[in-house]
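Reading the structure
Each chain, letter by letter, is given below.
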Amino acid sequence: MRAALRHPAAWWALLWVGLMPLAWLVLQTLQDQLGPNPAEALIRATGDWTLRSLCVVLAVSPLRTWLGWPELLRFRRMLGLLVFAYASLHLLCYAWFDMGFDLADTLQDLFKRPFIWLGFSAFVILLALAATSFNRAVRWLGGRRWQLLHRGVYAVAVLAVLHFWWMRAGKQDFDEVLVYACILAVLLGWRVLSFGRRA
């Protein structure tokens with residue numbers, strides 16, 4: 001398995017797997033199979049895949065430690081950019097289908113509905129992480145500052161769950177929220193314990 005992870009094709013294979021949900025959404029859109037409310041379906045699906053991708057990228061370090069597979073680290077940057085890609089699509093679908101690209105209405109909605117503000121805050125952090133995800137940024141910021149900045153992904157995880165929870169609060173439907181919250185709590189809890197052991 002480790003040899004397969006080191007193979008150059010493994011990176012491209014994982015990228016293809018990560019893009020398959022997007023390809024499926026495009027296919028469903030073209031075939032008009034998104035149900036009676038396609039706009040809501042796209043907004044919800046891109047949000048779901050943002051959370052799922054976030055869980056995957058945060059699972060890389062624990063899996064590397066538990067399995068003893070340092071090769072997993074070579075996929076972390078690409079997985080992080082997939083999180084940003086799905087988050088960007090989620091924001092785009094909201095701005096397009098809900099707001100009609102009306103900036104004034106979007107800004108008003110941003111401050112009127114707290115869960116929108118939480119989601120946008122998470123996106124701003126992701127934007128900063130994506131913009132500094134390249135080697136040149138590491139050299140420019142310095143390793144320590146770069147690492148400190150990229151720990152912002154933990155704040156993204158908290159904000160994303162709160163965004164999802166607040167969005168579902170109106171319907172009192174928290175089942176999916178609890179699943180994501182539990183997964184992210186385990187992944188973040190592992191980091192807290194690891195930091196405590198190192199300290």
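Residues numbered from 1 in each chain as written. Predicted model: local features only at pLDDT ≥ 70, side-chain atom pairs only at ≥ 80, totals over all residues. Heavy atoms only, no water.

Let us now look at the packing of helix H4 (residues 76-98) against helix H6 (residues 114-131). In a pair of packed helices, the angle between the axes and the distance between the axes together describe the arrangement. Packing of H4 against H6 brings their axes to within 10 Å, and their N-to-C directions diverge by 140 degrees. One finds that H4 runs oblique with respect to H6. Handedness of the H4/H6 crossing: left-handed. For the pair H4 and H6, the contacting residues are Leu81, Val83, Phe84, Ala87, Ser88, Leu91 and Tyr94 in the first and Ile116, Phe120, Phe123, Leu126, Leu127 and Ala130 in the second. Looking at side-chain class alone, the contact of H4 with H6 contains twelve nonpolar, one polar and no charged residues. (Axes fitted to C-alpha atoms, helices over the stretch in contact; angles between N-to-C directions. Helix = DSSP H or I, 4+ residues; strand = E, 2+ residues; numbered from the N terminus. Parallel < 35°, antiparallel > 145°, perpendicular 65-115°, else oblique. Left-handed = near helix turned anticlockwise from the far one by under 90°. Contact = heavy atoms within 4.5 Å. Nonpolar A, V, L, I, M, F, W, Y, C, P; charged D, E, K, R; others polar.)

Here Ser53 lies in helix H3 (residues 38-67). Residue Ser53 is classed as buried on the basis of its relative accessible area of 11%. From its side chain, Ser53 meets the backbone oxygen of Trp49 in a polar contact 2.7 Å long. Ignoring any residue separated from it by four or fewer positions in sequence, one finds Ser53 in contact with Val83 and Tyr86. (Buried < 20%, exposed > 50% of the residue type's maximum accessible area, 1.4 Å probe, protein only. Polar contact = N/O pair within 3.5 Å; in protein donor to acceptor, adjacent residues only side chain to side chain.)

Leu54, Leu58, Leu79 and Leu184 are the most contacted members of the largest nonpolar core, which has 36 residues in total. The set of elements that each furnish at least two residues to this core consists of helix H2 (8-30), H3, H4, H6, helix H9 (152-169) and helix H10 (175-198). Each residue touching Leu54, except ones within four places of it in the same chain, is listed here: Val83, Val153, Val156, Ala157 and Ala160. With six residues, the next largest nonpolar core counts Leu25, Ile43, Ala45 and Cys93 among its residues. (Core = buried A, V, L, I, M, F, W, Y, C linked by side-chain atoms within 4.5 Å.)

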